[in-house]
Each structure stands twice: as C-alpha cells, then as structure tokens.
Amino acid sequence: MENVHLALEEDDLYSGYNDYNPTFDSEELENDLGFQQAVRTSHGRRPPMTAKFPGTAIGARPIASSFGVSTDGAARPMTAVRAAGYTSSLTRGSTFDPLGQSKGPAPPLEAKNDDTPEEKIKILEKKVNDLIEESCMAQSVGALQLALEKAKEAGRKERMLVRQREQSGNADHINLDLTYSVLLNLANQYANNEMFPEALNSYQVIVKNKMFSNAGRMKVNMANIYFKQKNYPKAIKFYRMALDQISNAHKEMRIKIMQNIGVVFVRMGQYSDAITSFEHIMSESPNIKTGFNLILCYYAIGDRERMKKAFQKLISVPLGIDEEDKYIPSNDDTSANMVIEAIKNDKLHQMERDLKVLAEKYIMTAAKLIAPAIETSFATGFDWCVDMVKSSQYVELANDLEINKAITYLRQKDFNQAVETLKTFEKKDSRVKSAAATNLSFLYFLEKDYDQADRYSDLAMNADRYNPAALINKGNTVFSKQDYEKAAEFYKEALRNDSSCTEALYNLGLTYKKLNRLEEALDCFLKLHAILRNSAQVMFQLAHLYELLEDPQQAIEWLMQVISVTPTDPQALAKLGELHDGEGDKSQAFQYYYESFRYFPSNIDVIEWLGAYYIETQFCEKAIQYFERATLIQPTQVKWQLMVASCYRRSGNYQKALETYKDIHRKFPENVECLRFLVRLCTDMGLNEVQEYATKLKKVEKMKEIKEQSGREGSARGRREGREGSAGSADSSHSSNSTKGERLSAKMRSLPASNEPYEASSQKELDASYVDPLGPQMERPKTGAKKRMEDDDFADEELGDDLLPE
C-alpha cells in the first residue's frame, strides 16, 4: 500500500502524455545548427545528438554510424542506408535506381495453354452453365421456344463434357450437380412448351438415377403433368409416391402435395376422399384455400352441420399479417414516421393486402353459397353467417355480407326485401351507409321514383363525398329532370374522384350530346374508347356523333368496327345501310339492310326500304314478301296491304290483285283508294261487281266531301281526322312524322311507272308515310343489348349501373 498513490482532485491525471523529444520537432529544423551543417557537408555528416532521453542508459552514449566518425570527431547516428538503396561501394556519379529499372523490362508472363484437356473441360463446363442460365432467363420473359432450344443445347454440351472426362481418365470427377441441372431444366422447358411425353421422359431419367439426391420430388412435377392431361388416377399415384419419399421434416411441401391430392379427388367426383385430405390439412396447417375447398366438398354432399363447422374453421384461420394500425404514422417520432412511410406500400405490405383480399373473397363466396343450404330459408342462413363473421377477426365483413344479402334479394326479384335490408344501414358508419344508400338510389331510379332516388343519392354523398357511384346516381337524377348542365358537373366530380370511372365518362358524353356540344361529347367517347377498346356501345356513340357532325365516312368507319365486334347487331347494320344509301351506294346499302332484316325481320323501316328497293329495280314479285311481313307486324295499317296489291298489279297478276283489293275492302270498307282500284279492275276485266263498287265509291267520296267541308269550318284537327281513311292520299299529314319516312315516301312516289292502265293513282297508293301506333321510330323498343343511336336512350344504357361489386 505504500507504493499506491491516490489521485487527488487537483492532480492532472493526463500530464506528460503531450511531452515529446524535441529531436523530432521538424518545425525548428531551420534553427537547428547541427542539422543545417549536416545538410551543407558533402557526406551529410552532422554533430552528434545532444538530446537525451530521460531515464534511459542510451542517452549518455554516443551512437556510431556505418560511416564512422565525422571530420570534427563527433559520432553520428546509424542510418538505414542499405534499405534506401545506398551502398558503400557507390561511386560518385552513379544513378539512384532502388527498383532496378535500369536492367530493362520484366520478361513476359507465360502464355496460358488452352489446349490441355483440363482447360478444355473447364471451358465447356462454363458454356453449359451459361446455356442453362440463358434458358431460364428466356423462360422468365415468356420466350418458351427459345428457352427449350437453349436447354437442348445445354444437354448436348453436357454429354460432350462427360465424354471428354471419360476420355481423359477423369470419369470420377464428373459433375453430377451439373448433369442434374441440365436434365431438370430440360424437363421443365418441355413441360412449359406442353410437350408432355418428352417432359415425362426427362423426369423419368432423373427419378431412376440413384446418384441424384432428392430425385423423388420430381414425381410431383410428373403428377402435375398427368393432372394437365386429365389422367387423374395416375396423378394420384405419383402424388402419393412423392409424399412417401418426402420426410416429415418438409411439412410445408407435404401439405401442398396433400392439397393437390384433394383437388384431384374433387375433379374425379370422389368428394369423400377429398374431404379426408382437406380435413387432415385443416388439422395440421389450416389455410384459407383449403378451408374453402372443404366447404365446397361438404356442399356437394349436402352435409349442413359440417358446412357450418367448416365455415367456422374458415373464418378462424390465422392470416399471420400485421394490423393496419401499424402503418398509421404517429406525431411524435419523426424517424419512425419515415420508416412507416417507406414500408407503407412496399412489396411485403402489398402481399399482406392481397392475402387479406383473397381471404375476404373466399369468405364472402362461401357465405353466399351455403346460406340457402344450411337453414330452411336463404335469409336465416345468411343471418347465421353474418353472426359468425361478427364474432371473428373479419368483423368488418359483416356489413358487406348484409349488403350482399340485399343484392341476392334483387336477383330473386324481391325488391321490397332488398330495400328493407338496405334501409337498415342508414345509421351505420359512413362507408357502409354510403354503399347502402347508393344501391337504394339505384333501385328507386329503376322504379322511376326519381324523388326517392335523389334523396338517397344525397344521403350517399353526405356519407362519402368521394364515392363516384353516389355522384353518378345524383347526376342521373338531375339528368332525368333535364338539368343537363348540373348533371355534367356531378359526372365531372365523379371523374375527379376516380379518373377510371367509365360510367361517369360515358354519361358525361351523353350529356354533352344533349347539350349539342358535340365536340366535347366526341372527346369523352374517344377517351372512353381508349379505355374500353372493344365496347360496341362506345363505338356506336362515336358513329352517331360523326353522323351529327356531318362526317358520314367517319361514321361508317366506326360502325364497321361495331360490326367487327357484334356482327349480328341489326340496328348497326340498318344504320350502315342508311348511311350508304345517303352516300348513293345502293348496292352496299341493300347488303346491310338485307343482313339487318335477316337478323331482325320486324324492323318496319328496314322492311319498307327493301320493298321500295325491289320496286325501284322492277322486281315487284320480291317486294311482296316484305310488304306482307309489314302487314303481319302492323295489321291495322291499310297502306301495307295496298302496297301488296299494287305489287301484284305491277307484276301483271290482276286476278291476285283483285282478290287482295277485295280482302282490303272487307277489312277497310271506307278506304277510297281500294274502291277506286276495284272499280277500275272490275271494269277492265268485265266483271259484274263494277256497279256495286262504283256505288260504294260514290257514297264514300260523298261522305269524305262532307267531312272535309265540316273540317274547313272547324279546326285543323277535324281536317286531319277527315282524311284518316286513306293510307296513300296526297293530303296525308302523317308523312311529317319522321325525316326518314319523308325520304322513303318521296322515293316510292317517284318510282318509274309501267304501261299498265292502272298507274293513274299509283302515287297515292305508293305513299309510304304512316302513323306508327308505337310513336316515332326513336321511341320504338329495339332488340338485343346493343346501344341505340337515339339521344333519349340514356336511361336505358347507364343510369343505375352503380351496384356495388359482389
């Protein structure tokens, strides 16, 4: 303890560490006389060092040098002159060359000999590895044929490599791993190219070779090929062989093989065996897909209780993903917020989201499947599923299930129950309330209860202003009130919230068309066409817009695209015929009108055009069938029967014409035109009935004159009613019902006359104008699901396309 020195507070514990020998102070070399003298001497001698190291014995002893003592007798320190390149034998004028560069350049390295067998083997082995890698890369980018060619070339090179090793006597050094890689890659590429026999042969080579470890796993691949070939018994056999050769340590692999076995049993219809496999998996390592398959099997055999148990197992399967709250940033820790921002949308989080979406899809599908089967009624079964889901980790799915329940009611045409179910969501959270209100608005809109539709669309918007479906429904209700400007604003807002909302873009285009802003409507539909490339509805609207913009060629081009997508659409074919007719191309117009008639033989406009075309081309016999078809469609319109009789007259079949006129007179006894032709025909044919028909004609004409006289004294309406009996009279006012009717009537009136004596009144009887009992043509219902060319088809096309996805 006597030698222990305790440090006091005033002691400096670190003193002495900065002390150094002033000999090594380079900053004072200019003032060091000894150093300066040594520099000035020819041999660099200097006086001996005077500094001493304290506490050492060497400090008082002079240090000798290899050069001895300097001229002044003082000793100088030893220096490492040899290591620096100095020697005592150097003479004055010799060069300083410590690296020996004066001897010339170093000799070149020995050239590598590539001709040795070992070197050739190494080069070939590298080439095989490169070919395998190239094959795998080609397969990853979808170049399957190239991948197969590379795999075959790698196989050829590998066989050459084996032969070279055998010839060089190094057969023991054959690279079995390389051989295994070549064969496996070749088999995989055969399978990818669906060359199944070749793939099975390659896998068989691997499996039979006992030198390859774990080759038994290849039987899984072989079983997969048999499954693709629908050879299910053999697939089961190979799956089970693979299962026997895989140890229990590889639990995940065994579970996947058993899942495959269960799927094969399902394909074979052996649901009991499939249930055995799936139940084993659910007890060992439960997963969502197997749980869903198990429910399907129980549903197939109709086991209610086991369906319920399987559904409970399905919703209790752990997904092994973190809660979404983990990705919500906090306000305190900046660095933690940066980490959360970085991982918020990374690949792992995307995988978690995809897994959760898949699980929800399976649960929703399973609930909709088993709900009608597990209880006496669909509603009771669905309520049981909802209760089970509410008590599970998928509690947020309960509301979606109830909305799906309402949608199922809709499919069953039970609208009242659907409305009642959706109304229960009015007090739920905003997301569910908005979804339910959107569907309610849709239902009321379909029932044409626009006030209620407007109310629920407002409710949906208040619950979630960023819901594009709610905004579309609101725009639709405003559109139905013909407030097109306001409707356009709602559609634009829906597009701002969801730029991919095709319904909003379509409705906006129709709204612009109503406002006669054709260029803006055209822009909307062109954008929509870029999204929906094969939508016949969009292309039909584009064709109509170009027609309105007086560009018939562009309209024809777009209609041709419509025909390429829906070649049996009669409306598109008829419109093509109309456009070609307007362009003066009668042959093309006839072709499209004829095709339209073939697919839909009840379009009066098409029938009228075809009949007029045959009369114009002097084929009256062929026109008869079309006007007879029109007579069947509109039996109360006398004009079609008059046209049939006229065609018989024009073709020279007077007897058939007389019978037709008599039949018309029985149905329409007050028709003046029919009586006039009966009088003329009977007179020329010398029949006795001529006097009878002449008397009737005078009575009818006198009654007509009385009506016309009273009509002149009365209103214009009375005058129109007084002339209603004649289908082809020159003073008929019905020819103004549609522009198309006027064009056809004028065309049929201007048909060339023949030399027969009954052409005096042909203009009147060939007048094709008429009053359609269904109203104007644009209000007549069309067949098929295609879009119509009229502007007022908006409500039928897109209003109410807002049901939530199931």
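Computed from a predicted structure; not experimentally measured.

Student: What exactly am I supposed to notice about the overall build of the protein here?
Tutor: Tallying secondary structure elements over the protein gives 36 helices and zero strands in all. Pairs at least 24 residues apart make up 54% of the contacts formed inside the protein by residues separated by at least 6 positions. Of the accessible surface of the protein, which amounts to about 45,900 Å², a share of 51% is contributed by carbon and sulfur atoms.

Student: How should the environment of Ile556 be read in this particular structure?
Tutor: The residue Ile556 is located in helix α24 (residues 552-565) in this model. Judged by relative accessible area, Ile556 falls into the buried class, the value being 8%. For the pair Ile556 and Leu576, spaced 20 residues apart in sequence, the C-alpha to C-alpha distance is 6.4 Å. Not counting chain neighbours up to four residues away, the residues in contact with Ile556 comprise Leu576, Leu579 and His580.

Student: In this structure, what is going on with the UniProt feature "repeat: TPR" (unreviewed entry) in the protein? I would like to understand it.
Tutor: Summarizing the sequence annotation, UniProt attributes the feature "repeat: TPR" (unreviewed entry) to residues 216-249, 255-288, 468-501, 502-535, 536-569, 570-603 and 604-637 in the numbering used throughout. Between the end C-alpha atoms of residues 255-288 there is a gap of 13 Å, over a span that is 85% helix and 0% strand.

Student: Hey, could you run me through the confidence of the model for the protein in this one?
Tutor: A low pLDDT means the predicted coordinates there should not be read in detail. This prediction gives the protein a mean pLDDT of 77; 74% of its residues lie at or above 70. In the model, residues 50-73 has pLDDT below 50 throughout and makes 28 contacts with residues more than four positions away in sequence or in other chains. Here residues 718-806 is a poorly scored stretch, pLDDT under 50, and it has 194 contacts once near neighbours within four places are set aside; other chains count.

Student: Hey, could you run me through the side chain of Gln259 in this one?
Tutor: Considering the arrangement of structural elements, one finds Gln259 in helix α8 (residues 251-268). Ignoring anything within four residues of it in the chain, the contact list for Gln259 reads Phe278, Ile281, Asn287, Lys289 and Thr290.

Student: Which parts of the structure should I look at to understand unusual backbone geometry?
Tutor: Positive phi, normally seen in glycine, also occurs at Lys448, with a value near 65 degrees. Here Lys448 shows up in the loop between α17 (430-446) and α18 (450-463).

Student: Teacher, can you tell me more about the nonpolar core here?
Tutor: Phe311 and Tyr394 are the most contacted members of the largest nonpolar core, which has 141 residues in total. There are two domains that each give this core at least three residues, and those are domain 1 (425-533) and domain 2 (541-666). Discounting residues that sit within four places of it in the chain, Tyr394 has contacts with Ile288, Ile315, Val317, Leu319, Ala359, Glu360, Ile363 and Val389. By size, the runner-up hydrophobic cluster in this structure holds 43 residues, among which are Ala589, Val606, Cys620 and Trp640.

Student: Hey, could you run me through the packing of aromatic side chains in this one?
Tutor: Under the definition given, this model contains 19 aromatic pairs. Their ring planes at 55 degrees and their centres at 5.6 Å tell us that Phe227 and Tyr232 sit as a pair that is tilted. A connected cluster of aromatic rings, assembled from ring pairs, spans Phe590, Tyr593, Tyr594, Phe597, Trp609, Tyr613, Tyr614 and Tyr626. The ring of Trp384 has Lys308 sitting right over it, with the charged end atom 5.5 Å from the ring centre.

Student: Just to check I follow, could you spell out the environment of Cys385 for this structure?
Tutor: With respect to the element layout, Cys385 can be found in helix α14 (residues 378-390). In this structure Cys385 comes out as buried when scored by relative accessible area, which is 0%. For the pair Cys385 and Lys308, spaced 77 residues apart in sequence, the C-alpha separation works out to 8.7 Å. Those residues in contact with Cys385 that sit more than four places away from it in its chain are Phe311, Ala367, Ile370, Ile374 and Leu401.

Student: Before we go on, may I ask you to explain the pattern of salt bridges in this structure?
Tutor: Here the idea is simple: oppositely charged side chains can pair when their charged atoms come close. Throughout the structure, instances matching the rule amount to 24 salt bridges. In this structure, Glu485 engages Arg517 in a salt bridge whose closest nitrogen and oxygen atoms are separated by 3.4 Å. Linking Glu485 in helix α20 (residues 484-497) with Arg517 in the loop between α21 (502-514) and α22 (518-531), this pair joins segments that are 32 residues apart in sequence. With a shortest N-O distance of 2.8 Å, Lys586 and Asp581 are connected by a salt bridge. Overall, Lys586 belongs to the partly exposed group, its relative accessible area being 31%. Overlapping salt bridges bring together Glu279, Asp303 and Arg306 as one network.

Student: Just to check I follow, could you spell out the packing of helix α10 (residues 288-301) against helix α11 (residues 304-315) for this structure?
Tutor: Between two packed helices, both the angle of their axes relative to each other and the distance between the axes serve to describe the pair. It is the contact of α10 with α11, at a shortest axis distance of 9 Å, that shows an interaxial angle of 170 degrees. Between α10 and α11, the interaxial angle falls into the category roughly antiparallel. Residues Ile288, Gly291, Phe292, Leu294, Ile295, Tyr298 and Tyr299 of α10 form the contact with α11, whose own contacting residues are Arg306, Met307, Ala310, Phe311 and Leu314. Within the contact of α10 with α11, the residues separate by chemical class into ten nonpolar, one polar and one charged.

Student: Which parts of the structure should I look at to understand helix α30 (residues 654-667)?
Tutor: In an α-helix there are 3.6 residues to a turn, and that puts residues three or four apart on one side. In this model α30 runs 20 Å from its N-terminal to its C-terminal C-alpha over 14 residues, within 8% of the 20 Å that 1.5 Å per residue would give. Burial in α30 covers these residues: Ala657, Leu658, Thr660, Tyr661, Ile664 and His665. Buried residues of α30, viewed axially, fall in a sector of 165 degrees; they line one side.

Student: How should I be thinking about the packing of helix α13 (residues 347-374) against α14 in this particular structure?
Tutor: Between α13 and α14, the shortest axis-to-axis distance is 7 Å and the interhelical angle comes to 140 degrees. Relative to α14, the element α13 is oriented oblique. Once α13 is placed against α14, the crossing between them reads as right-handed. Residues Ile363, Ala367, Lys368, Ile370, Ala371, Pro372 and Ile374 of α13 pack against Phe378, Gly381, Phe382, Trp384, Cys385 and Val389 of α14.

Student: Sorry, what's going on with helix α9 (residues 271-284) here?
Tutor: Along its 14 residues, α9 runs 20 Å from first to last C-alpha, staying within 8% of the 20 Å computed at 1.5 Å per residue. Where α9 is concerned, the buried positions are Ala274, Ile275, Ser277, Phe278, Ile281 and Met282. Viewed along the axis of α9, the buried residues span an arc of 165 degrees, placing them on a single side of the element. For α9, exposure combined with an orientation more than 90 degrees from the buried face picks out Ser272, Thr276 and Ser283. Against α8, α10 and α11 lie the buried residues of α9.

Each value, and the rule that gives it
For every chain, the first residue of its written sequence is number 1, and the numbers climb from 1 along that sequence. Whole-chain, interface and lining totals are the exception, using all residues; otherwise, since this is a predicted model, local features are given only for residues with pLDDT of at least 70 and side-chain atom pairs are given and counted only at 80 or more. Based on all heavy atoms of the structure, the side-chain values leave hydrogens and waters out of the count. Helix numbering and strand numbering both begin at the N terminus, where a helix is a DSSP run of H or I of at least 4 residues and a strand a DSSP run of E of at least 2. When checking whether two residues touch, look at their non-hydrogen atoms; a contact exists if any pair is within 4.5 Å. Working definition of accessibility: Shrake-Rupley area with a 1.4 Å probe, residue cover restricted to the visible protein chains. Each residue gets one of three labels from its accessible area relative to the maximum for its type: buried under 20%, exposed over 50%, partly exposed in between, using a 1.4 Å probe on protein chains only. UniProt positions are given in the numbering used here, feature names are shortened, and annotations may be inferred rather than shown by experiment. Values of pLDDT, which run from 0 to 100, indicate the predictor's confidence residue by residue. For the purposes of this section, nonpolar cores are sets of buried Ala, Val, Leu, Ile, Met, Phe, Trp, Tyr and Cys residues that join through side-chain atoms within 4.5 Å. Boundary definitions for the domains trace back to an automatic or database domain assignment. Here a pair means two rings of Phe, Tyr or Trp (six-membered ring of Trp) with centres within 6.5 Å. Their orientation is stacked below 30 degrees between planes, edge-to-face above 60, and tilted elsewhere. The rule for a charge over a ring is simple: NZ of Lys or CZ of Arg within 6 Å of the ring centre, and within 35 degrees of the ring normal. Definition used for salt bridges: Asp or Glu carboxyl oxygen within 4 Å of a side-chain nitrogen of Lys or Arg. All axes are obtained by fitting lines to C-alpha atoms, using only the stretch in contact for helices, and the reported angles, taken between N-to-C directions, cover 0 to 180 degrees. Note on angle classes: values under 35 degrees are labelled roughly parallel, values over 145 roughly antiparallel, values of 65 to 115 roughly perpendicular, and the remainder oblique. Under the scheme applied here, ten amino acids are nonpolar (Ala, Val, Leu, Ile, Met, Phe, Trp, Tyr, Cys and Pro), four are charged (Asp, Glu, Lys and Arg), and all others, including Gly, are polar. An expected span of 1.5 Å times one less than the residue number is assigned to each helix. The directions from the helix axis to the C-beta atoms form the arc being described. Left-handed describes a crossing in which the near helix is turned anticlockwise from the far one by less than a right angle; the clockwise case is right-handed.

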